[in-house]
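# Architecture at a glance
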Amino acid sequence: WKANVDNCDRLSKPRLVKPNLHTVEPVCPDGQLQCGNGECIDRSLFCDSQPDCGDGSDENACSVDEDPNGAPLCDPTQCLLPDCFCSVDGTSAPGVGSGKLEISNIPQMITFTFNGAVNDENNRVYDKLFHEERINPNGCTAKGTFFVSHKYTKYSAVQDLHRKGHEIGVFSITNDEDPKYWTEGSYDNWLAEMAGARLIIERFANITDGTVVGVRAPYLRIGGNEQFNMMADQFFAYDSTITASLAGVPLWPYTLHYRMPHKCHGNSQNCPSKSHPIWEMPINELDRREDPEFDENLTGCHLVSSCSNIYHKDQFRHLLQHNFDRHYGTNRAPLSLSIDPSWLVSNKGFADVVSEWMDYILRTYTDVYFVTELQVIQWIQNPTSATAIPGFQAWKDKCLIQGQPFCSNPNPCPLATRELPGEEFRLHTCVECPKNYPWIQDPTGDGFSF
């Protein structure tokens with residue numbers, strides 16, 4: 001531990017030189033701004049990841065609120081569905097302002113999202129939560145979203161989740177533990193990790209319909225404009241990494257054409273400051289207080305599995321119901337329940353709590369749906385009242401899927417890669433085995449660089 005601390009002798013934080021962006025009188029010609037050292041350079045050179053000022057100050061004021069080339073504030077008259085959606089504070093529901101819908105007839109959407117490897121152990125949990133008899137009010141089975149990381153994933157199981165209508169997203173190849181690897185990652189890093197992960201998933205889980213369009217970063221570490229530039233270039237549709245701090249009214253998803261409608265939440269986070277044609281599916285923090293009337297203010301938790309005060313099944317059930325009530329009773333923003341599957345496996349009985357709660361919700365409400373992140377976007381693009389959802393075609397795809405997996409005896413390919421010397425892995429896939437274990441410089445496993 002001691003060896004990892006390299007700044008014991010430093011008594012103060014190094015201060016970055018800031019540019020003079022706001023001066024009483026103009027000090028530079030039109031179209032230029034002043035560096036910290038008094039030099040004037042073109043406005044367009046600020047926050048472009050290349051230092052252009054002699055003191056480098058043009059790259060030191062690039063947060064969401066500071067970037068002089070940042071995305072503008074939301075303009076609802078210009079930001080129109082289906083491609084753009086924003087509201088001033090992020091809490092407005094789509095379709096309501098236009099008079100098309102009332103809050104009371106918006107379907108309450110709940111998204112279960114799981115991060116990490118898909119393997120036999122957590123697949124048993126998924127089978128318990130998403131079985132054929134668990135039916136949404138439109139007659140289709142409950143669905144979830146799986147952000148898949150590569151190591152230890154069984155791709156035949158990913159293929160079967162996709163066959164059943166669940167959504168598959170990417171969670172990186174390496175799952176690197178260094179937070180700076182993600183927050184300070186270059187465009188090429190993000191490209192190799194996320195586009196590479198999609199290549200692996202599409203090839204070895206045999207997903208050919210172009211539906212792998214969602215990204216979540218490991219440890220919820222946002223990669224700033226580099227991440228979102230890469231996503232736009234690679235035709236990813238949405239990110240689900242940014243968290244929104246606990247508030248009285250939760251946030252709806254939004255597009256990043258305009259500035260984020262909330263603070264960049266978390267330590268050392270790197271939120272995108274510029275305009276990007278990408279949907280953001282924010283993770284609204286959960287209220288983990290046992291008695292919200294009397295308990296002291298506790299910070300929210302972004303993942304269900306990060307609510308550190310939840311030890312018992314009754315506490316867990318209360319957490320689920322209380323946060324559902326918060327969403328259902330206010331603006332009906334989608335309730336994002338993000339879970340590390342190993343947490344459900346290691347906490348005995350917790351998977352049963354989720355299963356029983358899902359049954360209770362579907363028994364009690366006729367306007368609540370367990371859907372994928374992509375289905376949430378499809379609804380926002382075409383806001384439809386809860387009573388009309390049974391005829392909502394976008395949610396009818398893979399409505400009721402029965403039958404057997406594509407292959408019950410996948411190839412258990414024993415593989416190695418020069419990138420991870422000395423390690424051998426099993427790659428379970430229904431397609432032919434590759435030559436090497438796919439990794440970041442060789443995502444196809446064919447032995448050539450990505």
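Please refer to the structure placed before this passage.
Residues numbered from 1 in each chain as written. Predicted model: local features only at pLDDT ≥ 70, side-chain atom pairs only at ≥ 80, totals over all residues. Heavy atoms only, no water.

### A few points about the overall build of the protein chain
For the protein chain, the count of helices and strands is nine helices and 15 strands. Overall, the C-alpha framework of the protein chain stretches about 70 × 60 × 45 Å when taken along its three principal axes. For the protein chain, the proportion of its 450 residues judged to be buried stands at 52%. Taking as baseline every contact in the protein chain between residues at least 6 positions apart, the subset at least 24 positions apart corresponds to 65%. For the protein chain, the accessible surface area stands at approximately 21,100 Å², while carbon and sulfur atoms represent 49% of it. Placing the 36 positive and 59 negative side-chain charges of the protein chain at their respective mean positions leaves the two points 6 Å apart. (Helix = DSSP H or I, 4+ residues; strand = E, 2+ residues; numbered from the N terminus. Buried < 20%, exposed > 50% of the residue type's maximum accessible area, 1.4 Å probe, protein only. Contact = heavy atoms within 4.5 Å. Areas by Shrake-Rupley, 256 points an atom, 1.4 Å probe, with all protein chains shown as cover. Lys, Arg positive; Asp, Glu negative; His and termini not counted. Charge placed at Lys NZ, Arg CZ, Asp CG, Glu CD.)

### Brief notes about the layout of surface pockets
As a volume, the largest pocket reaches approximately 1,300 Å³. Around the largest pocket sit 35 residues that line it, and E59, T183, E184, Q269 and N270 are the ones nearest its centre. If you list the elements that add at least two residues to the lining of the largest pocket, you get α3 (179-183) and α5 (224-233). The element best represented in the lining of the largest pocket is α5, accounting for four residues. Residue composition of the lining of the largest pocket, by class: nine nonpolar, 13 polar and 13 charged. Considering only enclosed or pocket space, the second largest pocket measures out at about 490 Å³ in volume. Lining the second largest pocket are 27 residues, with N115, G116, F171, N175 and D340 positioned closest to its centre. By residue number, the principal contributor to the lining of the second largest pocket is helix α7 (residues 341-346), which donates three residues. (1 Å grid on protein atoms, 1.4 Å probe; cavity = no way out; pocket = protein on both sides within 12 Å on 5 of 7 lines; lining within 4 Å. Points joined across faces, edges and corners; volume = space filled by probe spheres on them. Nonpolar A, V, L, I, M, F, W, Y, C, P; charged D, E, K, R; others polar.)

### Looking at the side chain of T384
Here T384 lies in the loop between α9 (373-381) and β14 (411-415). According to the relative accessible area criterion, T384 is buried, its value standing at 12%. Polar side-chain contacts of T384 include one of 2.8 Å to the backbone oxygen of N382. Residues in contact with T384, not counting those within four places in the same chain, are L101, P107, W379, I389 and F392. (Polar contact = N/O pair within 3.5 Å; in protein donor to acceptor, adjacent residues only side chain to side chain.)

### Describing unusual backbone geometry
Residue P82 is bonded to the preceding L81 through a cis peptide linkage, with omega at 10 degrees. When you line up the elements, P82 lands in the loop between β2 (40-42) and β3 (108-116). The phi torsion at S49 lies on the positive side, around 70 degrees, for a residue other than glycine. Along the chain, S49 falls in the loop between β2 and β3. The phi dihedral of N206 falls on the positive side, at around 55 degrees, and the residue is not glycine.

### As for the pairing of strand β5 (residues 167-170)
Side chains of β5 alternate between two faces, with E167 and G169 and I168 and V170 buried alike. Direction of pairing for strand β4 (residues 145-148) relative to β5: parallel, over a ladder of four bridges. Residue pairing for β5: F147 is matched across the bridge by G169. Considered for its hand, the β-α-β crossover made up of β4, helix α2 (residues 155-163) and β5 is right-handed. (Pairing = 2+ DSSP bridges. Right-handed = clockwise from strand over helix to strand, strands pointing away.)

### What about the pattern of salt bridges?
Applying the stated rule across the entire model yields 13 salt bridges. With a shortest N-O distance of 3.7 Å, K164 and D127 are connected by a salt bridge. Of this pair, K164 sits in the loop between α2 and β5 while D127 is found in helix α1 (residues 120-129), placing the two residues 37 residues apart along the sequence. Classification of K164 by relative accessible area gives partly exposed; the value is 24%. The exposure class of D127 is partly exposed, given its relative accessible area of 42%. One salt-bridge network, held together by shared partners, links D127, D160, R163 and K164. (Salt bridge = Lys/Arg side-chain N within 4 Å of Asp/Glu carboxyl O.)

### Considering α9
Restricting attention to buried positions, one finds in α9 the residues E373, Q375, V376, I377, W379 and I380. Where α9 is buried, its residues contact β3, β4, β5, β7 (238-239) and β10 (279-280).

### Observations regarding the packing of α1 against helix α8 (residues 350-364)
Running from N to C, α1 and α8 point in directions that differ by 20 degrees, and their axes come no closer than 9 Å. For the element pair α1 / α8, the angle class is roughly parallel. The interaxial crossing formed by α1 with α8 has right-handed handedness. Counting all contacts with α1, which are made through V125, K128 and L129, the residues of α8 involved are A351, D352, V354, S355 and M358. Residue classes in the contact of α1 with α8 are distributed as five nonpolar, one polar and two charged. (Axes fitted to C-alpha atoms, helices over the stretch in contact; angles between N-to-C directions. Parallel < 35°, antiparallel > 145°, perpendicular 65-115°, else oblique. Left-handed = near helix turned anticlockwise from the far one by under 90°.)

### Digging into the packing of aromatic side chains
Going through the model one piece at a time under the given rule, you end up with 25 aromatic pairs. Judged by centre distance (4.2 Å) and plane angle (15 degrees), the rings of F425 and Y437 are stacked. Placement of the pair is F425 in strand β15 (residues 425-429) and Y437 in the segment after β15, with a sequence separation of twelve residues. Joined through ring pairs, the aromatic side chains of F112, F114, Y126, F130, F146, F324, Y328, W357, Y365 and F370 make up one cluster. The cationic tip of R198 hangs over the ring face of F236; the distance from NZ or CZ to the ring centre is 3.9 Å. The aromatic ring of Y360 is capped on one face by R317, whose charged end is 5.2 Å from the ring centroid. (Phe/Tyr/Trp six-rings, centres within 6.5 Å; stacked < 30°, edge-to-face > 60°. Lys NZ or Arg CZ within 6 Å of the ring centre and 35° of its normal.)

By themselves, these figures tell us nothing about what the structure is for.
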